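So you can see what is in the structure, the chains are spelled out below.
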Amino acid sequence: MMAKLIDGRAIAEKVYVDLRRETAELKAQGVTPGLAVILVGDDAASRAYVRSKDKMCRELGLHSVKLELPASTTQSELLARVEEFNRDSSIHGILVQSPPPEHIDEAAIVRALDPRKDVDGFHPENVAKLVLEDASGFVPCTALGVQRLLLESEIAISGAHIVVLGRSLIVGKPLALLLMQKNKNGNATVTVVHSRSRSLPQITRSADVVVAAIGRAEFLKADHIHEGAVVIDVGINRVEDAASERGYRLVGDVAFDEVSKKASAITPVPGGVGPMTIAMLMANTVKAARQLGSGGSPEPTKGD
Ligand code: GUN
């Protein structure tokens, strides 16, 4: 039987209904949530992501600043820009699009962000808050988006065996931490597998839910899952396709045609996890605005 399609666009729309209401409430208190997105270099895919983030901010009535810097931008120039946004009281969320050019030390840039404005959830303080289950922290958007997709689709997380394929800082690790949290949206039994895992198909076959975030086109096959499993596809991979006008097509980390015949529910690519990632970025920005409040500019941190 064909799996039920989990419609990320429709679920993202539900998130936006809540965010519009919350944004209106904040505006009535004199606070317009503001997001600054910094893009260094001219990677086409990154440029497209940044454009869609900016567009969504505008649609929701958020204040949006898009800063596009040349690939030649130095580490200290970029740090200076981050510092400016840290001090800017009209900005509540700051995101530096990844990956930056090779000469940029990304970890140092992330550490320079005010953690209260780190809507990507990459700063060590926010990583620690996720581990500590401190809800005031920010959780990486894709991980949050996957959890929300499961919750809105009424797929049981509590007590379920969820196998996460991939151990990245952006998706795999935070998602595993999120789903194992001791609260009503967690309580899963989580297994993380990756490129070096032995007996990977055996492990994924024992999962109630498989989340593929391994960054390899159509990696997860029908043989990797048991009949009726739920499959969430985080991958976005370009594969050559001469028949396509663009010369490529987008595929996920899941071999959709065969897996969708065996799964009970599955996310498509595009239209699954992707729209949720942007929705969660907007949600994190509104949360940052709520937490920072109209005081805007945060208190100077030690060393300022
Ligand atoms: N590049 C791909 N995904 C992400 C993300 O979630 N945040 C940032 N900053 N860059 C990305």
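As a convention, each chain's residues are numbered from 1 in the sequence order in which they are written. Totals for whole chains, interfaces and linings use all residues, but because this is a predicted model, local features are given only for residues with pLDDT of at least 70 and pairs of side-chain atoms are given and counted only at 80 or more. To obtain the side-chain values, all non-hydrogen atoms of the structure were used and water was disregarded.

A. Spotlight on the overall build of the protein. Where helices and strands are cited, they refer to DSSP runs of H or I of at least four residues and of E of at least two residues respectively, numbered from the N terminus. Looking only at helices and strands, the protein features ten helices and eleven strands. Across its three principal directions, the C-alpha atoms of the protein cover 55 × 45 × 35 Å. For each residue, the accessible area found with a 1.4 Å probe, counting protein chains only, is set against the maximum for its type, and the residue is called buried under 20%, exposed over 50%, and partly exposed in between. Counting the 304 residues in the protein, one finds 52% classified as buried. The contacts in the protein between residues at least 6 apart in sequence include a share of 71% that link residues at least 24 apart. In these tables, accessible area is a Shrake-Rupley quantity obtained with a 1.4 Å probe, and a residue counts as shielded only by the protein chains included in the view. Entry remark: accessible area of the protein is about 14600 Å², with carbon and sulfur atoms responsible for 52%. Each charge class in the protein can be summarised by its mean position, and for the 36 positive and 38 negative side chains these summaries are 2 Å apart. Between two residues, a contact is recorded if the distance between any of their heavy atoms is within 4.5 Å. Only four residue types enter the tally: Lys and Arg on the positive side, Asp and Glu on the negative side; His and the chain ends are excluded. The location of each charge is read from NZ of Lys, CZ of Arg, CG of Asp or CD of Glu.

B. View of unusual backbone geometry. A cis amide bond links serine 98 with the next residue in sequence, proline 99, at an omega value of 0 degrees. For proline 99, the position within the fold is in the loop between strand E4 (93–96) and helix H4 (106–112). Residue proline 270 is reached from valine 269 by a cis peptide bond, and omega for that bond is 0 degrees. If you check the backbone angles, glutamate 154 has positive phi at about 55 degrees while not being a glycine. Counting through the fold element by element, glutamate 154 comes out in the loop between helix H6 (141–152) and strand E5 (161–165).

C. Quick peek at the pattern of salt bridges. By convention in these notes, a salt bridge is any Lys or Arg side-chain nitrogen within 4 Å of a carboxyl oxygen on Asp or Glu. Taken as a whole, this structure holds 13 salt bridges when the rule is applied. It is possible to trace a salt-bridge network through shared partners that takes in Lys14, Asp18, Arg21, Glu25, Arg148 and Glu152.

D. Inspection of the layout of surface pockets at higher detail. Method remark: on a 1 Å grid restricted to protein atoms, a set of points is classed as a cavity if a 1.4 Å probe fits but cannot get out and as a pocket if it is open with protein on both sides within 12 Å along at least five of seven lines; lining residues have an atom within 4 Å of a point. Grid points are joined across faces, edges and corners, and a volume is the space filled by probe spheres set on the points. Of the volumes computed, that of the second largest pocket is approximately 650 Å³. Every residue lining the second largest pocket is counted, 26 residues in all, and those nearest its centre are Val139, Leu144, Gln147, Asn185 and Lys287. When residues of the lining of the second largest pocket are traced back to their parent elements, those giving at least two are helix H1 (8–28), helix H5 (124–132), H6 and helix H10 (273–292). Examining the composition of the lining of the second largest pocket, we find that five residues originate from one element, H10, more than from any other.

E. Empty space enclosed by the protein, seen in detail. All told, the structure shown has one cavity of 30 Å³ or more when counted by the stated rule. Of the volumes computed, that of the largest cavity is approximately 60 Å³. Surrounding the largest cavity, Val96, Glu106, Ile109, Val110, Leu113, Asp118, Asp120 and Phe122 form its lining. Element by element, the count of residues in the lining of the largest cavity is highest for H4, at three residues. Only Asp, Glu, Lys and Arg are considered charged, only Ala, Val, Leu, Ile, Met, Phe, Trp, Tyr, Cys and Pro nonpolar, and every remaining residue, Gly among them, polar. For the lining of the largest cavity, a count of residues per class yields five nonpolar, no polar and three charged.

F. Layout of the nonpolar core. As used here, the term nonpolar core means buried Ala, Val, Leu, Ile, Met, Phe, Trp, Tyr and Cys residues forming a set that is joined through side-chain atoms within 4.5 Å. The biggest cluster of nonpolar side chains holds 55 residues, and the ones touching the most others in it are Tyr16, Leu150, Ile162, Ile232 and Met282. If one sorts the elements of this core by residue count, H10 sits on top with eleven residues. Ignoring any residue separated from it by four or fewer positions in sequence, one finds methionine 282 in contact with Tyr16, Leu19, Leu35, Lys53, Met56, Cys57, Leu60 and Leu62. Residues Ala3, Leu165, Ile214 and Val231 belong to the second largest nonpolar core, which totals 18 residues.

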